[in-house]
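Structure at a glance
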Amino acid sequence: MSKNVGIVIVSHSPDVAKGAADMVRQMVGDDVPLAWCGGAPGGGLGTSVEAIMTAINAAWSEAGVAILVDLGGAETNSEMAIELLPEERRHRVVVCDAPVVEGAVMAGTEASAGSPLEHVRRTAEELRAA
Amino acid sequence: MTLEPALQRKLIQAVADQVIQHADELVALDQAVGDGDHGLNMKRGFEAVLVDLDKTAVLPTTEAFKAVGMALVMKVGGASGPLYGTLFMAMGKALPEQATLAGISDAFAAAIDAVKARGKSDVGAKTMLDVLVPLSVVLREGGPGLPSRLRASASAAAAATVPMKATRGRASFLGERSIGHMDPGARSSELIVHAILEVLEQEERA
């Protein structure tokens with residue numbers, strides 16, 4: 001298991017989520033655990049709490065997981081998914097307040113340097129202030 | 001408190017049917033101010049609730065609330081999943097041992113607080129809270145003719161979201177342009193309340 005923070009990308013659109021993940025993968029190779037999900041349960045645009053939980057577990061790292069989301073429902077569903085995780089994992093997952101594509105690339109790059117979860121989140125969120 | 005399984009079944013069925021039957025209307029409302037998926041999302045959620053109806057109807061009432069809430073969380077696919085899911089789950093958790101008005105009012109208030117926390121919102125942002133919060137005030141007051149006053153409160157509160165400017169949710173992207181449309185979440189809350197009241201009034205007449 002990687003020591004680096006994992007990255008999860010959650011979009012209403014599976015195409016957007018996969019595309020953003022491809023860009024992160026190109027930047028950081030296999031150094032960072034990475035997973036994505038998009039689409040409502042049963043298809044169509046939206047997000048699925050169950051799929052988000054699966055993605056968090058797929059990208060799991062002892063250093064924690066940073067989630068990048070696109071729009072409101074993705075954020076609310078991600079927060080719900082975190083609460084449904086086992087207690088010992090719940091406090092090591094954060095939702096970044098950052099644009100999904102740029103945020104994922106920035107977070108992935110920071111994670112690949114071995115930075116702790118809080119640094120990864122802050123790096124992604126600096127995009128908001130800029 | 002525990003409801004008779006037959007009544008519990010009727011209540012769940014009525015709420016689900018009501019939401020499913022109004023899916024198109026909720027879609028139309030959401031197309032005006034959001035992304036147009038509220039009706040379809042809620043329909044998918046309550047269809048999942050109906051799939052489990054045989055099991056849920058016979059659960060202790062606290063557990064039934066939690067099961068309905070969890071189905072919505074897992075199946076809705078939009079923010080309304082965790083929001084309505086939290087409302088039902090928190091209500092189930094807070095239900096009193098004895099079915100008193102004060103106890104049920106406290107449980108409803110706790111559920112509303114959980115929705116506020118989940119949505120990081122409060123009254124006045126043009127959301128479902130603008131129906132639920134006024135309703136909780138009427139519920140706590142109690143008194144004669146409570147069902148019809150609850151019904152009227154839900155309708156008046158949903159209508160009162162029309163002139164509001166959205167500051168939370170996708171509708172907030174529209175800013176001033178969100179004014180003049182009813183909030184779809186307020187409307188779905190109104191619909192759910194009406195479905196519950198209809199069943200309870202039928203029971204009372206029977």
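Here's a quick rundown of the structure. None of the values given here were measured: they were computed from a predicted structure. (Residues numbered from 1 in each chain as written. Chains lettered and ligands numbered in written order. Predicted model: local features only at pLDDT ≥ 70, side-chain atom pairs only at ≥ 80, totals over all residues. Heavy atoms only, no water.)

Describing the side chain of Ser48(A)
Relative to the helices and strands, Ser48(A) is located in the loop between strand E2 (34–38) and helix H2 (49–58). Leave out the neighbours within four places in its chain, and Ser48(A) touches Gly39(A), Ala40(A) and Pro41(A). (Helix = DSSP H or I, 4+ residues; strand = E, 2+ residues; numbered from the N terminus. Contact = heavy atoms within 4.5 Å.)

Let's talk about the interface of chain B and chain A
Accessible area lost upon the coming together of the parts serves often as the stated size of an interface. Chain B puts 16 residues into the contact, and the matching count from chain A is 18 residues. Summed over both partners, the interface of chain B with chain A comes to about 1400 Å²; 54% of that surface belongs to carbon and sulfur atoms. Among the residues of chain B in contact with chain A, Met74(B), Gly77(B) and Arg118(B) are the three that bury the most area, contributing 38% of the side total. In this structure, the connection of chain B to chain A is made through three salt bridges. Where chain B touches chain A, the interface holds six residue pairs in polar contact (both at pLDDT 80 or more). At the level of elements, helix H5 (61–75) and helix H6 (80–94) of chain B are the ones that each hand at least two residues to the side of chain B that touches chain A. By residue number, the principal contributor to the side of chain B that touches chain A is H5(B), which donates four residues. Grouping the amino acids of the side of chain B that touches chain A by side-chain chemistry returns eight nonpolar, three polar and five charged. (Buried area = accessible area lost by both parts, 1.4 Å probe. Salt bridge = Lys/Arg side-chain N within 4 Å of Asp/Glu carboxyl O. Polar contact = N/O pair within 3.5 Å; in protein donor to acceptor, adjacent residues only side chain to side chain. Nonpolar A, V, L, I, M, F, W, Y, C, P; charged D, E, K, R; others polar.)

Examining the nonpolar core
Ranked by internal contacts, the top residues of the largest apolar core, which has 47 residues, are Phe46(B), Leu72(B), Tyr84(B), Leu87(B) and Phe108(B). For this core, the secondary-structure elements that each account for two or more residues are helix H1 (5–21), helix H3 (38–51), H5, H6, helix H7 (101–119), helix H8 (129–141), helix H9 (146–159) and helix H10 (184–205) of chain B. Excluding anything up to four places from it in sequence, Phe108(B) contacts Leu87(B), Met91(B), Leu132(B), Leu135(B), Ser136(B) and Leu139(B). Cys37(A), Met80(A), Met74(B) and Met89(B) belong to the second-largest nonpolar core, a separate cluster that totals 24 residues. (Core = buried A, V, L, I, M, F, W, Y, C linked by side-chain atoms within 4.5 Å. Buried < 20%, exposed > 50% of the residue type's maximum accessible area, 1.4 Å probe, protein only.)

Things to note about the pattern of salt bridges
All names here are of chain B. Overall, the coordinates contain 22 salt bridges over all chains when judged by the stated rule. The partner of Arg9 in a salt bridge is Asp54, and the shortest N-O contact between them spans 3.0 Å. Residue Arg9 is located in helix H1, and its partner Asp54 is located in helix H4 (residues 53–57); the two are separated by 45 residues in the primary sequence. For Asp54, a relative accessible area of 57% translates into the label exposed. Between Glu25 and Arg187 there is a salt bridge, with the nearest N and O atoms lying 2.6 Å from each other. Of this pair, Glu25 sits in helix H2 (residues 23–33) while Arg187 sits in helix H10; the two residues are 162 residues apart in sequence, bridging distant segments of the chain.

Digging into helix H3 (residues 72–83) of chain A
Residues and elements named next belong to chain A. Taking 1.5 Å per residue, twelve residues should reach 16 Å; H3 reaches 17 Å between its end C-alpha atoms and fits that length. For H3, the tally of buried residues reaches nine of twelve residues, placing the bulk of the element in the interior. Along H3, the residues classified as buried are Gly73, Ala74, Thr76, Asn77, Ser78, Glu79, Met80, Ala81 and Ile82. (Expected span 1.5 Å × (residues − 1).)

Observations regarding the packing of H1(B) against H10(B)
Helix packing geometry: the angle between the two helix axes and the distance between the axes. Residues and elements named next belong to chain B. The interhelical angle for the contact between H1 and H10, taken along N-to-C directions, is 145 degrees, at an axis separation of 8 Å. Handedness of the crossing formed by H1 with H10: right-handed. Contacts from Leu7, Lys10, Leu11, Ala14, Val15, Gln18 and Val19 in H1 reach Leu191, Ile192, His194, Ala195, Ile196, Val199, Leu200 and Glu203 in H10. (Axes fitted to C-alpha atoms, helices over the stretch in contact; angles between N-to-C directions. Left-handed = near helix turned anticlockwise from the far one by under 90°.)

Concerning the sheet that holds E2(A)
Residue and element names in this part refer to chain A. Spatially, four strands are ordered E2-E1-E3-E4 in an open sheet, and the strand pairing comes out parallel. Each of the sheet's edge strands pairs with one partner strand only, and the pair in question is E2 and strand E4 (93–96). In this sheet, neighbouring strand axes are inclined to one another by 20 degrees on average, regardless of whether the strands run parallel or antiparallel. Against the sheet, H2 engages strand E1 (6–11), E2, strand E3 (65–69) and E4, with an angle of about 170 degrees to E2. (Pairing = 2+ DSSP bridges.)

Description of the pairing of E3(A)
Residues and elements named next belong to chain A. Burial of E3 is extensive: five of the five residues sit out of reach of the surface. Side chains of E3 alternate between two faces, with Val65, Ile67 and Val69 and Ala66 and Leu68 buried alike. Where E1 lies against E3, five bridges are found, and the strand directions are parallel. Paired with Gly6 across the strands is Val65, a residue of E3. In the sheet, E3 pairs with E4 via four bridges, with the strands oriented parallel.

Structural notes on the side chain of Gln8(B)
Relative to the helices and strands, Gln8(B) is located in helix H1. If we ignore the near neighbours within four places in the chain, the residues touching Gln8(B) are Leu3(B), Thr56(B), Ala57(B), Val58(B), Leu59(B), Pro60(B), Thr61(B) and Ala64(B).

Keep in mind these numbers describe shape, not what the thing actually does.
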